[in-house]
Amino acid sequence: MIDLHSDTIYSLWRDGHGSLISNSLSIDKDSLERGGVTGQCFALFTPMHDLVPAAHRGESPWEILNALHERFISETEKAAIPLMRHVRDLDGGVHAILTTEEGGAIEGDISRLSILRSWGVRIFGLTWNWENELGYPNSRDPDAMRKGLKEKGIEAVRECGRLGMIVDVSHLSDGGFMDVARYAEGPFIATHSNARSVTDVPRNLTDDELRMLADNGGIAGLNLCPAFLRDGASADDADAVSAISDMVRHTMHIYRTAGEDALAIGTDFDGISGKLEIPSPDRLYLLRDALCRSGIAQSVLDKMWEGNAKRVLSFAEEEV
Ligand SMILES: [Zn+2]
C-alpha cells in the first residue's frame, strides 16, 4: 500500500509534541505497519501568510521548509523508517517517501529544486491554496480558476522533469493543470484530489482533467477529506463525515472515467478533520472490502493500492 499524501510531519512540527513513534494523529509507525503500508508519502507543507505559527514569524518560507526537512529526518530516524530512494526499497517494509506541498517555499529560485531532489524529494506540489511565484491555486472564481502557470512555474515543471521529480497538481488552478499537461515530461499526478463531477468543489478534478492525467500516465490519489467526498461538507467542520460509501462513489467514477491505471490513494491524513470512518492506515482494508463488494476486481485494487504509484515513481527514477 502506498499513500500519496499526509501532513503528519507538518502537524508534528507545528504542534511541537508527539513523534512518529507515538502521537495522537492518524499516522504513526504502528498504524503504518499494521496497515501494510510500504510507502508513506510525508509532505513537507510550507505554511505561508496567516498559517505561519507565531513561533516562526519572521522566518522565510525556505527557512521553514528546511526546518520541516530537519524534523522529517529526526522523526524518521527515531522511528527507524528509512527514506525511499528507489522503488525497489518498498519491497523491504515501511518506507518514507518525501514530497513537498506549496511551491512558494523555493521563493522563485528554480535552482533550489535540485536541493530538494538531493534530499530525496520525489513529488513537488506547485501550489497550496495561495498564489505564489509559480502559479495560482484552485478557486471558485472562474476567472481565477482559468489562470495558468507563471513563467517560473513553467520553468519549475521543466526542471522537475530534468531532475526526476513528479509534479503534483493537487491544489492548482485548472489553467495551471493545463499548463502542466503541456510542459510536463512524462506523468504528472494529483496526490490528493477526487472527482469534481461527484462533489463539486474546485479542489477536485474535472472529468477532462482525470482523462488527461490518465493519458499522460498519471494517477489521482483518493482524498479522505469530508469536504471533497460529499456535497455540503465543510473542511473545518469537526462533525462532517468522511464516509466509505462516498469514497466508493468517487473511486467508481474515477475508474469509469480515467481507467484502472489512474487509481491511487492519497489519504491527506493529519491534514483533515471530521468523523473519519477510516481514521488511520490500518483501517484502509475497510475501503478495499467495500470496493471489492462494489465489483472492482482484486487485480485493479492491487493497482490502486500500490501498483500504479510504483509505476509513476519508477518513471521518475529513470529520469535521474
Ligand atoms: Zn493538500
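Residues numbered from 1 in each chain as written. Predicted model: local features only at pLDDT ≥ 70, side-chain atom pairs only at ≥ 80, totals over all residues. Heavy atoms only, no water.

Enquirer: Any chance you could break down the pattern of salt bridges for me, citing the residues and the numbers?
Expert: The tally for this structure, following the rule as stated, stands at 23 salt bridges. The shortest N-O distance in the salt bridge between Glu209 and Arg196 comes to 3.6 Å. Taken together, the residues span a long stretch of sequence, with Glu209 in helix α8 (residues 207-215) and Arg196 in the loop between α7 (174-183) and α8 at a distance of 13 residues. Looking at Arg196, the relative accessible area reads 14%, which means it is buried. A salt bridge links Lys303 to Asp261; its shortest N-O distance comes to 2.6 Å. Taken together, the residues Lys303 in helix α12 (residues 298-319) and Asp261 in the loop between α10 (244-258) and β8 (263-265) connect sequence positions 42 residues apart. Look at Lys303 and you get partly exposed, because its relative accessible area is 26%. Looking at Asp261, the relative accessible area reads 37%, which means it is partly exposed. (Salt bridge = Lys/Arg side-chain N within 4 Å of Asp/Glu carboxyl O. Helix = DSSP H or I, 4+ residues; strand = E, 2+ residues; numbered from the N terminus. Buried < 20%, exposed > 50% of the residue type's maximum accessible area, 1.4 Å probe, protein only.)

Enquirer: How would you summarise the environment of Cys41 if you had to cite specific residues and measurements?
Expert: Structurally, Cys41 can be placed in strand β2 (residues 39-45). Judged by its relative accessible area of 0%, Cys41 falls in the buried class. Sequence spacing of Cys41 and Ile97 is 56 residues, and the spatial spacing of their C-alpha atoms is 4.4 Å. Setting aside its immediate chain neighbours within four residues, Cys41 contacts Asp3, Leu4, His5, Ser6, Ile97, Thr99 and Ile123. (Contact = heavy atoms within 4.5 Å.)

Enquirer: I'd like to hear about helix α3 (residues 61-78), residue by residue, with values.
Expert: Counted at 1.5 Å a residue, the expected span for α3 with its 18 residues is 26 Å, and the 26 Å between its end C-alpha atoms agrees. What α3 keeps buried is the set Trp62, Ile64, Leu65, Leu68, His69, Arg71, Phe72, Glu75 and Thr76. Where the residues of α3 are buried, they touch α1 (8-15), β2, β3 (95-101) and α4 (112-119). Note on α3: the residue one or two positions beyond its end, Ala80, has a positive phi of about 55 degrees. (Expected span 1.5 Å × (residues − 1).)

Enquirer: Provide a residue-level description of the packing of aromatic side chains, including the pertinent values.
Expert: Two numbers describe a pair of aromatic rings. These are the distance of the centres and the angle of the planes. Here the structure, examined in full by the defined rule, presents eight aromatic pairs. Summarising the aromatic geometry, the rings of Phe45 and Trp128 are spaced 5.1 Å apart at their centres and angled 55 degrees between planes, so their arrangement reads as tilted. Of this pair, Phe45 sits in strand β2 while Trp128 sits in the loop between β4 (121-125) and α5 (142-146), and the two are 83 residues apart along the sequence. Residue classification places Phe45 among the buried positions, given a relative accessible area of 3%. (Phe/Tyr/Trp six-rings, centres within 6.5 Å; stacked < 30°, edge-to-face > 60°.)

Enquirer: Help me get a handle on empty space enclosed by the protein, residues and values and all.
Expert: One way to see where empty space is left: roll a probe the size of a water molecule over the atoms. Evaluation of the coordinates by the stated rule reveals three cavities of 30 Å³ or more. One number sums up the size of the largest cavity: a volume of about 100 Å³. When residues of the lining of the largest cavity are traced back to their parent elements, those giving at least two are α6 (151-163), β5 (166-168) and α12. Residue composition of the lining of the largest cavity, by class: nine nonpolar, two polar and two charged. Here the second largest cavity is characterised by a volume of approximately 60 Å³. (1 Å grid on protein atoms, 1.4 Å probe; cavity = no way out; pocket = protein on both sides within 12 Å on 5 of 7 lines; lining within 4 Å. Points joined across faces, edges and corners; volume = space filled by probe spheres on them. Nonpolar A, V, L, I, M, F, W, Y, C, P; charged D, E, K, R; others polar.)

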